[in-house]
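Topology and contacts: notes
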Protein chains: 2
Amino acid sequence: MGALRLLSPLHFTHCAYGERRTEVTGARARARTRSSAISPLRSSSLPLKHSEGESITPRSQDFNMWYLDVVASAELADYGPVRGTMVIRPYGYAIWEFIQTYLDAKFKETGHSNMYFPQFIPYSFIEKEASHVEGFSPELALVTIGGGKELEEKLVVRPTSETIVNHMFTKWVHSYRDLPLMINQWANVTRWEMRTKPFVRTLEFLWQEGHTAHATEEEAEKEALQMIEVYRKFSYEQAAIPVIAGRKSRAETFAGALRTYTIEAMMGDCKALQAGTSHSLGQNFSLAFGTQFTDENGQQQHVWQTSWAVSTRMVGGIIMTHGDDLGLRLPPRMAPIQVVIVPIWKKPDEKRGILEVASILENILKEASIRVKLDDSDQKTPGWKFNFWEMKGVPLRIEIGPRDLSNKTVVVSRRDVPGKHGKAYGISMESSFIKAYVKEKLEEIQSALLARAIAFRDSNIVDVKSYEELKTVISEGKWARGPWASGDFEELKVKEETGATIRCFPFDQSPGEKVCFMTGNPANEVAIFAKSY
Amino acid sequence: MGALRLLSPLHFTHCAYGERRTEVTGARARARTRSSAISPLRSSSLPLKHSEGESITPRSQDFNMWYLDVVASAELADYGPVRGTMVIRPYGYAIWEFIQTYLDAKFKETGHSNMYFPQFIPYSFIEKEASHVEGFSPELALVTIGGGKELEEKLVVRPTSETIVNHMFTKWVHSYRDLPLMINQWANVTRWEMRTKPFVRTLEFLWQEGHTAHATEEEAEKEALQMIEVYRKFSYEQAAIPVIAGRKSRAETFAGALRTYTIEAMMGDCKALQAGTSHSLGQNFSLAFGTQFTDENGQQQHVWQTSWAVSTRMVGGIIMTHGDDLGLRLPPRMAPIQVVIVPIWKKPDEKRGILEVASILENILKEASIRVKLDDSDQKTPGWKFNFWEMKGVPLRIEIGPRDLSNKTVVVSRRDVPGKHGKAYGISMESSFIKAYVKEKLEEIQSALLARAIAFRDSNIVDVKSYEELKTVISEGKWARGPWASGDFEELKVKEETGATIRCFPFDQSPGEKVCFMTGNPANEVAIFAKSY
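None of the values given here were measured: they were computed from a predicted structure.

**As for the overall build of chain A**
Of the regular secondary structure elements, chain A holds 14 helices and 25 strands. Going through the 533 residues of chain A one by one, you find that 63% of them count as buried. Contacts in chain A between residues at least 24 apart in sequence constitute 72% of all its contacts with a sequence separation of at least 6. Only carbon and sulfur atoms are counted for the fraction: they give 51% of the accessible area of chain A, which is about 19800 Å².

**Examining the sheet that holds strand E15 (residues 339-343) of chain A**
Residue and element names in this part refer to chain A. Spatially, the five strands line up as an open sheet ordered E16-E15-E17-E18-E19, and their pairing is mixed. Of all strands in the sheet, those with a lone pairing partner are strand E16 (372-374) and strand E19 (423-428), marking the two edges. The mean inter-strand angle of the sheet, taken between neighbouring strand axes irrespective of direction, is 25°. Where helix H10 (residues 382-391) meets the sheet, its contacts fall on E15, E16 and strand E17 (396-400), and the angle it forms with E15 comes to roughly 170°.

**Remarks on the pattern of salt bridges**
All names here are of chain B. With the rule as written, the count across this model stands at 62 salt bridges over all chains. Its salt-bridge partner being Arg259, residue Glu221 comes within 2.8 Å of it at the nearest N-O pair. Placement of the pair is Glu221 in helix H6 (residues 217-237) and Arg259 in strand E10 (residues 259-266), with a sequence separation of 38 residues. Judged by its relative accessible area of 16%, Glu221 is buried. For Arg259, a relative accessible area of 24% translates into the label partly exposed. For Glu362, the salt bridge identified is with Lys366, shortest N-O distance 3.4 Å. Here Glu362 and its partner Lys366 are both found in helix H9 (residues 348-367), four residues apart, which amounts to about one turn of the helix. Judged by its relative accessible area of 15%, Glu362 is buried.

**Focus on the side chain of Arg457 of chain B**
Its place among the elements puts Arg457 of chain B in helix H12 (residues 431-458). Those residues in contact with Arg457 of chain B that sit more than four places away from it in its chain are Tyr236, Pro242, Val243, Ile244 and Met266 of chain B.

**Details of the sheet that holds strand E15 (residues 339-343) of chain B**
Residues and elements named next belong to chain B. Across the sheet, five strands lie side by side as E16-E15-E17-E18-E19; this open sheet has mixed pairing. Strands with a single pairing partner mark the edges of an open sheet, and in this sheet they are strand E16 (372-374) and strand E19 (423-428). The sheet shows a mean angle of 25° between the axes of neighbouring strands, taken without regard to direction. Note: E15 against strand E17 (residues 396-400), five bridges, orientation parallel. Residue Val339 lies in a different strand from E17, and its bridge partner there is Leu396. Where H9 meets the sheet, it contacts E15, E16, E17 and strand E18 (409-414), and its direction lies at approximately 170° from that of E15.

**Structural notes on the environment of Ile454 of chain A**
Within the secondary structure layout, Ile454 of chain A lies in helix H12 (residues 431-458). With residues near it in sequence (within four places) discarded, Ile454 of chain A still touches Tyr236 and Pro242 of chain A.

**Examining the packing of helix H9 (residues 348-367) of chain A against H12 of chain A**
All names here are of chain A. Running from N to C, H9 and H12 cross one another at 60°; their axes reach a closest spacing of 10 Å. Between H9 and H12, the crossing angle belongs to the class labelled oblique. Taken as a pair, H9 and H12 cross one another with a handedness that is right-handed. Only Ser431, Ile434, Lys435 and Val438 of H12 make contact with H9, whose side of the interface consists of Leu361, Ile364, Leu365 and Glu367. Residues of the contact of H9 with H12, tallied by class, amount to five nonpolar, one polar and two charged.

**Describing the interface of chain B and chain A**
Often, the extent of an interface is quoted as the loss of accessible area on bringing the components together. Contacts between the two partners involve 56 residues from chain B, matched on the other side by 56 residues from chain A. Where chain B touches chain A, the interface holds four salt bridges. Glu97 of chain B is the partner of Lys108 of chain A in a salt bridge, and the nearest nitrogen-oxygen pair spans 3.0 Å. Counting every contact that joins chain B to chain A gives 27 residue pairs in polar contact (both at pLDDT 80 or more).

**Some details on the environment of Ile370 of chain B**
All names here are of chain B. Relative to the helices and strands, Ile370 is located in the loop between H9 and E16. Considered as a pair, Ile370 and Pro332 are 38 residues apart in the sequence and their alpha carbons are 9.8 Å apart. Other than its neighbours up to four places away in sequence, Ile370 contacts Gln338, Val339, Leu365, Lys435, Val438, Lys439 and Leu442.

**Structural notes on the relation of the copies chain B and chain A**
In the superposition of chain B on chain A (RMSD 0.0 Å, axial shift 0.0 Å), the rotation amounts to 180°. One copy is carried onto the other by what is essentially a two-fold rotation axis. Across chain B, the smallest distance between a C-alpha and the rotation axis is recorded for Val143 of chain B, namely 2.1 Å.

**Considerations on the packing of aromatic side chains**
Residues and elements named next belong to chain B. Under the defined criterion, the tally for this structure stands at 34 aromatic pairs over all chains. Ring geometry for Phe169 versus Trp172: centroids 6.2 Å apart, planes at 45°, classification tilted. With Phe169 and Trp172 both in helix H5 (residues 162-172), this residue pair falls three residues apart, about one helical turn. Neither Phe169 nor Trp172 differs from the other in exposure class; each is buried. Taken together, a centroid distance of 5.4 Å and an interplanar angle of 50° make the contact between Trp484 and Phe517 tilted. Taken as a pair, Trp484 in strand E21 (residues 479-484) and Phe517 in the loop between strand E23 (514-515) and strand E24 (522-523) lie far apart in primary sequence, 33 residues in all. Residues Trp484 and Phe517 agree in their burial class; the two are buried.

**With respect to the pairing of strand E10 (residues 259-266) of chain A**
Residue and element names in this part refer to chain A. A large share of E10 lies buried, amounting to seven of its eight residues. Relative to strand E11 (residues 272-282), E10 is paired through eight bridges, and the arrangement is antiparallel. Of the residues in E11, the one forming a bridge with Ile263 is Gly276. The hairpin turn running from E10 into E11, its antiparallel successor, is five residues long, and Cys270 in that turn takes a positive phi close to 75°.

**Quick notes on the state of the cysteines**
Following the criterion strictly, the structure yields zero disulfides over all chains and no others. The thiol of Cys516 of chain A is unpaired, and the distance to the nearest cysteine sulfur, on Cys504 of chain A, comes to 16 Å. The class of Cys516 of chain A is buried, set by a relative accessible area of 2%. With no disulfide of its own, Cys504 of chain B lies 16 Å from the sulfur of Cys270 of chain B, the closest cysteine sulfur.

**Side note on the packing of helix H2 (residues 90-109) of chain B against helix H8 (residues 313-322) of chain B**
Residue and element names in this part refer to chain B. Where H2 meets H8, the closest approach of the two axes is 9 Å, and the angle between their N-to-C directions is 110°. In this view, H2 runs roughly perpendicular relative to H8, as classed from their interaxial angle. The residues of H8 that touch H2, namely those facing Gly92, Ile95, Trp96 and Ile99, are Met314, Val315 and Ile318.

**Section: the confidence of the model for chain A**
Residue and element names in this part refer to chain A. For chain A, mean pLDDT is 90; residues scoring 70 or higher make up 90% of the total. With pLDDT under 50 throughout, residues 16-47 is counted as low confidence; its partners more than four residues away or in other chains account for 107 contacts. This prediction of the complex comes with two scores: 0.91 for pTM and 0.91 for ipTM.

**Let's talk about unusual backbone geometry**
A cis amide bond links Leu179 of chain A to the next residue, Pro180 of chain A, at an omega of -10°. Tracing the backbone through its elements, the reader meets Pro180 of chain A in the loop between helix H5 (162-172) and strand E7 (181-190). Phi at Ala240 of chain A takes a positive value of approximately 55°, unusual for a residue other than glycine. Here Ala240 of chain A shows up in the loop between helix H6 (217-237) and strand E9 (244-247). Phi is positive for Lys408 of chain B, close to 55°, though the residue is something other than glycine. Counting through the fold element by element, Lys408 of chain B comes out in the loop between helix H11 (402-407) and E18.

Rules and cut-offs
- Residues numbered from 1 in each chain as written.
- Chains lettered and ligands numbered in written order.
- Predicted model: local features only at pLDDT ≥ 70, side-chain atom pairs only at ≥ 80, totals over all residues.
- Heavy atoms only, no water.
- Helix = DSSP H or I, 4+ residues; strand = E, 2+ residues; numbered from the N terminus.
- Buried < 20%, exposed > 50% of the residue type's maximum accessible area, 1.4 Å probe, protein only.
- Contact = heavy atoms within 4.5 Å.
- Areas by Shrake-Rupley, 256 points an atom, 1.4 Å probe, with all protein chains shown as cover.
- Pairing = 2+ DSSP bridges.
- Axes fitted to C-alpha atoms, helices over the stretch in contact; angles between N-to-C directions.
- Salt bridge = Lys/Arg side-chain N within 4 Å of Asp/Glu carboxyl O.
- Parallel < 35°, antiparallel > 145°, perpendicular 65-115°, else oblique.
- Left-handed = near helix turned anticlockwise from the far one by under 90°.
- Nonpolar A, V, L, I, M, F, W, Y, C, P; charged D, E, K, R; others polar.
- Polar contact = N/O pair within 3.5 Å; in protein donor to acceptor, adjacent residues only side chain to side chain.
- Least-squares fit on C-alpha atoms with pLDDT ≥ 70 in both.
- Phe/Tyr/Trp six-rings, centres within 6.5 Å; stacked < 30°, edge-to-face > 60°.
- Disulfide = S-S within 2.5 Å.
- pLDDT = per-residue confidence, 0-100.

Written out as structure tokens, the structure reads:
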């Protein structure tokens, strides 16, 4: 077809690249926040390129630059005028909408209702829960002037809503009959981050935050685990990201929680991305805010709570899990455009017939609820279009040329399989056949991206038996997994010396006796260590 | 059935009540803002009652207290901790979700994409468009501290996004090929209002704001008109609110627009509610922000723009259009619960069989995608439940008692038709019959609420031929419609002397020569005057 490939596709199965820019900054005083991730981000002030012809930096050359190039060239996001803010552009926002639609339905199925809390929180609220204020106060945005007047009490622009939620829950909960109270809100939140990166960490971001109150600890715990499972399932089945679900270490637990559960994703540079968290809050907030109920025996009790969140960061996770040197690769279920049709003509008299057939095909696929785009512009060559839509990560391309027209066939190219291996020639355009064929291919691509990500993940997690082994593995840019029964002090030491933190104690633990690789003490669990976003 | 009615239903067909509390405050310096409405709100600091047994103030006695009681008792919203803020509770939020779902689909059908702009806007942006800053500066919330430090430039928490949108459009638009640019965002906005009222006017509210850029004035004008038509259709067909669509007077035009189109709704107390607006912005913002494109002749041109919005205020409009002395009345298409099933038993041995059948019926209706709730609690009497669900505005109630059980029938009661006339006895529970029956009844209720609202509206708009007539009509609490060809000065005079403003010049104009009732000059159009929220 004569497509001018910018770069030949590369396959990455190891992590020994892209680490050049990594500078370990040691322990950061930064608080344990929900969107956590302790190592700093780099280069966020680099300008985003603006598509049209500019090629993207190869992933193998500079992962961070590649990421920023993809975000800009695929028109996923742009920088806002205020430092650290992000404008989510339609193509990026559509991915967020798929995340929203799936999760919103799951939240409702599991008994939660949506509602909305104000984003302005009296400053005094934040101070009520001791570890919460410690965690969030360094990164607050404060409104001090309203309607032209200095305010008596500063207002916090919500960084998360536990405090205001508890203030309201205290008004609404009286009896055990009012429990469980299970709600969710889709909202913007603000955290004054110093090192930002589109989607991954921005001053303002979008998320959902679930908040529940229960009569017993067991029920709250069950809820927290249920919601991390919802996130895990979403990641596998929709985003094709094989996250590892587990429990955070004490040092990495959310400010104000008893236990934090997390899903950790391995990005293309092998760094970990905390992609969602669910917190078992215990009675910390209900004690601070006096959220009580009368139980069945007439006794006053404090409620047990959870909170859980997934944010626009997930979009960054999708980009960095699947992308390659050519740009974005979207799992079909997350793709705003699943199929692009590129008509190809040389002589002007071929054009009309080909466009006519391309348009018929477009409608056939639309009828089958396939998200399809016909790129019929005559401003660009087919080769330019091939590159452009590959860069945009469209899973499937259908080409129709003069020969196809006479044969009533098309050429179908898979985004995830480069070169000739990903091309199928002479595919019949017959309506029911092509519908089924395209659907099957999209499912295949969805599975193939997941399988590839699982293989990548598994080949980059190394079991370690000693601290020396861990150091080697981390220095190679991989994840280390080893038995751990040490405390905060040793965890901080690992972080300072290697840049890696405990990402989680995975739920999936092999049985048998273990020995902590740090202290030699008996250990119950293995922990996963990695550098992270 | 023994339902204890709190109050007998009243029918209102005139507006000569509820005006006791109205105090005309004369011209307010308040700027012409999108959510506009110039007369102040009263009593917003009254406490919201908390359901459970407390009866609501009769609508006929005090419309404002009735409204606040309904909002509280039906658990639609609650006050947030910061003055003027509102917590939207699940029952109220579900209504907003119906609004969102419908409009979002329409926006996409008409070629718009969703995206998201940051809510923090540099203060200098607001100053760029002269009338815009004049309109919005008195009601801004300003962030002055971020991450513990005083900011160099104050940040405005968005009151609307035209400025930041134009800043970004200027980066994205280069050629006529980039146009039209048609986007929408669902977001929260902040306006430092002094007189607030749940849903109707709050310090922070939720809305959608559409923003488009076009190559020609004609195209922008067409777009602005298309979107007000989307809102009008939504109001009629979904919310059963017979709004009057038209053009705002110059004095009531959005700060920065050439023309503002509006849908004006008549509330149960006959006051007008501006329920949605669409602005033809001309080149005001593109000139201020340098948003230019190269046209087909290679010439630099400034884009022509529109913006349009509907907010959570619409929920207030639904409450105040349809509610009656018993509480809320929801149009079936906007009802989170369309049907409530109330099982009735006296002897304990009846209970099991009745609950079993009630549960079967619940599932039958769910299968038909009817939003149904089975109220099977044994904490409350059937009479209490009748009152409660009537107060919550559920369109249809199904009662199942022991006699129904043996007859395999149910009793069906319409919320909108009080007393025996609204009851149908002996309705067969046979699956396909009851599904069709319930669907038909819901459609009937939807139509009946609209028809009733149209009749109410039309009986409260009076054509006037002189200023004296207008004064009388306005003092009776009605809307006055009359030929108008006067200027801002006369409009202000009417406002100061009567409390009424021009709500709009309706699109629907009768032909023929007209004479301005104020000046006696020839007039092209009639205008509608009313007091408003």
